[in-house]
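# Remarks on the overall topology
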Amino acid sequence: MWRMIAACMLSALSLSSVGVAADGLSAERQVELRSLLQQDCGSCHGLTLKGGLGPSLLPAALAGKSRESLLETVRNGRPGTAMPPWRPILSEQEIDWLVDRLLAGDGALHSTE
Amino acid sequence: MPGKRPITPELRTELKTGAFVILLLAAMLSATLASASTLLRGTGDLAIIIERASGAVQIVETTGNTRIGRVAGLGDLSHASAVFSRDGRYAYVFGRDGGLSKVDLLEAKLVTRVLQSGNSIGGAISQDGRLVAVSNYQPGGVKIFDAADLSLVADIPAEYGDGLRSKVIGLVDAPGQRFVFSLWDAGETWVVEMRDPAKPVIRKFKDIGRNPYDGLITPDGRFYIAGLFGEDGMALLDLWHLDKGVERILPGYGKGEQALPVYKMPHLEGWAVAGDRAFVPAVGHHEVLVMDTKTWREVGRIPVQGQPVFVMARPDGRQIWVNFAFPRNDKIQVIDSESLTIIRTLTPGKGVLHMEFEPRGEEVWVSVRDADQVHVYDTASLERRTVLPAHKPSGIFMTARAHRIGL
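Rules and cut-offs
- Residues numbered from 1 in each chain as written.
- Chains lettered and ligands numbered in written order.
- Predicted model: local features only at pLDDT ≥ 70, side-chain atom pairs only at ≥ 80, totals over all residues.
- Heavy atoms only, no water.
- Buried < 20%, exposed > 50% of the residue type's maximum accessible area, 1.4 Å probe, protein only.
- Helix = DSSP H or I, 4+ residues; strand = E, 2+ residues; numbered from the N terminus.
- Pairing = 2+ DSSP bridges.
- Domains from an automatic or database assignment.
- Contact = heavy atoms within 4.5 Å.
- Buried area = accessible area lost by both parts, 1.4 Å probe.
- Polar contact = N/O pair within 3.5 Å; in protein donor to acceptor, adjacent residues only side chain to side chain.
- Axes fitted to C-alpha atoms, helices over the stretch in contact; angles between N-to-C directions.
- Salt bridge = Lys/Arg side-chain N within 4 Å of Asp/Glu carboxyl O.

Residue and element names in this part refer to chain B. By the criterion of burial, strand E10 (residues 140-146) is predominantly enclosed, with six of the seven residues buried. Here E10 runs beside strand E11 (residues 152-157); their pairing, made up of five bridges, is antiparallel. Across the sheet, residue glycine 141 finds its bridge partner in E11, namely proline 157. Taken together, E10 and the strand that follows it, E11, pair antiparallel across an intervening segment of five residues, in which leucine 150 is found at a positive phi of about 60°.

The structure is reproduced here in structure tokens:
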């Protein structure tokens, strides 16, 4: 049993590193989430995520913030600021995925021209 | 026969040369005519459509509803907006990356572009059309440029507290060669008079309320209203009587209700005024608030299907069109301004970001980001008339704005 779980975890790790939907997110959903990150997070944080009314979400700006605090901010927002809670909209898994994109510097707009 | 020459190789060459010259002349003539027909037109029916993700604007005409040009190379245009020169020939486009671009609508080309800050949010053109002001987030403040060549005229840092700088929002032009704007972080409204461009005269109004998110000026240029994000209410400034200071209006409009999450900041524009009523988005409540513009008191509220973003009156004031924040941004609701009821819910598609009425209101242009389309609706039948392709369209700005206060 444990071996099976470990095997699953291993395969999940290796798959997620190449961007395949091992974390349960379909390729289609990943495309949607990437679009959400750019367009909807981008409406406050800028299309390139370098900041707007909300702060920059580029890796340099996030350095020093723990992954857990970022997850918490996305989940529940930041009361007293304009950051809304995303838990009503996104699953825990999806929030995980988005925060990983931000930490990896993989969230900014890629030219679609 | 006299004059008839045998067709020798020399004659053939002559004939060919002659034909070539005639063709060349014809081509030059038609090119001249073509460019003359491009230039010889008014701009009163032109508009630009921001293609936010590709740093370009489309130039369209609203008589036949067709695209006539495209200008690229304008940088990051997320949340871009534009104002027009008073002759209606040039658009000044304000980009998120701090870029200020002057675009020639007739020649469909970029005239000048300056990167004037790290991060900007919008701008305005002065009453006399000679100055263009830009509101900046980073570094927070307002910069004012010569509209002709975009050279810097004045730099007004939004300083407050102990050496802090605020993000600036809600910048509009006002009569008396003035600009009015608000400070998001500081909760202030500033009025800057630019009669002598070398000596801006600044008047500051403090404690207007927490986190003003945008501002509008009434179409007559008299009242400036800042919407507040940090509390329920708005801040009203009578530009005829600055000494009266800022008055809080619609205080506590959401009292007793749980505020809902806001996934996109609403906008305010002078279009919100229809006759003696003003229609504004509630923040954190799925409602449009209605005020009497004589008393600035609430006279009604209209429940709508999501967080309103733009609340815009048709130019004749008979209809109010509302679009919405994520995740309900696929719809538009049309309100009858007399009965204050919703007369139609339209579903153009995901990412309805902006609406712009043609100057006399018979049609409205709607950008539908995720469909990569702009839809044109007939406002009488509420039927869709035209669909134009556009890459991730956001703001739509018509040259008629050139002659409106506060736009």
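The discussion continues.
With that settled, the discussion passes to the domain arrangement of chain B. All names here are of chain B. Here chain B is partitioned into domain 1 (45-115 + 354-372 + 391-407), domain 2 (118-252) and domain 3 (259-347). Computed from C-alpha coordinates alone, the two centres of domain 1 and domain 3 are separated by 24 Å. Contacts between the two partners involve 15 residues from domain 1 and, on the opposite side, 14 residues from domain 3. Carbon and sulfur atoms supply 72% of the area buried between domain 1 and domain 3, which totals about 1,200 Å² over both sides. On the domain 1 side of the contact with domain 3, His354, Met355 and Phe357 bury the most area, a combined 50% of that side's loss. The interface formed by domain 1 and domain 3 includes one residue pair in polar contact (both at pLDDT 80 or more). Secondary-structure elements contributing two or more residues to the side of domain 1 that touches domain 3 are strand E30 (352-357) and strand E31 (363-368).

With that settled, the discussion passes to the sheet that holds E30 of chain B. Where strands meet in a sheet, backbone hydrogen bonds hold them as pairs that are either parallel or antiparallel. Residue and element names in this part refer to chain B. Taken in spatial order, the four strands line up as E30-E31-E32-E33 in an open sheet, and their pairing is antiparallel. Looking at the sheet topology across the chains shown, the edges are occupied by E30 and strand E33 (384-389). Taken pair by pair, the neighbouring strands of this sheet meet at an average axis angle of 20°, ignoring direction.

Right, let's get into the interface of chain A and chain B. With 25 residues of chain A in contact, the opposing surface of chain B contributes 26 residues. Taking both partners together, chain A and chain B bury about 2,100 Å²; carbon and sulfur atoms supply 54% of that area. Our count for the chain A to chain B interface comes out at one salt bridge. Here arginine 369 of chain B and aspartate 40 of chain A are joined by a salt bridge, their closest N and O atoms 3.9 Å apart.

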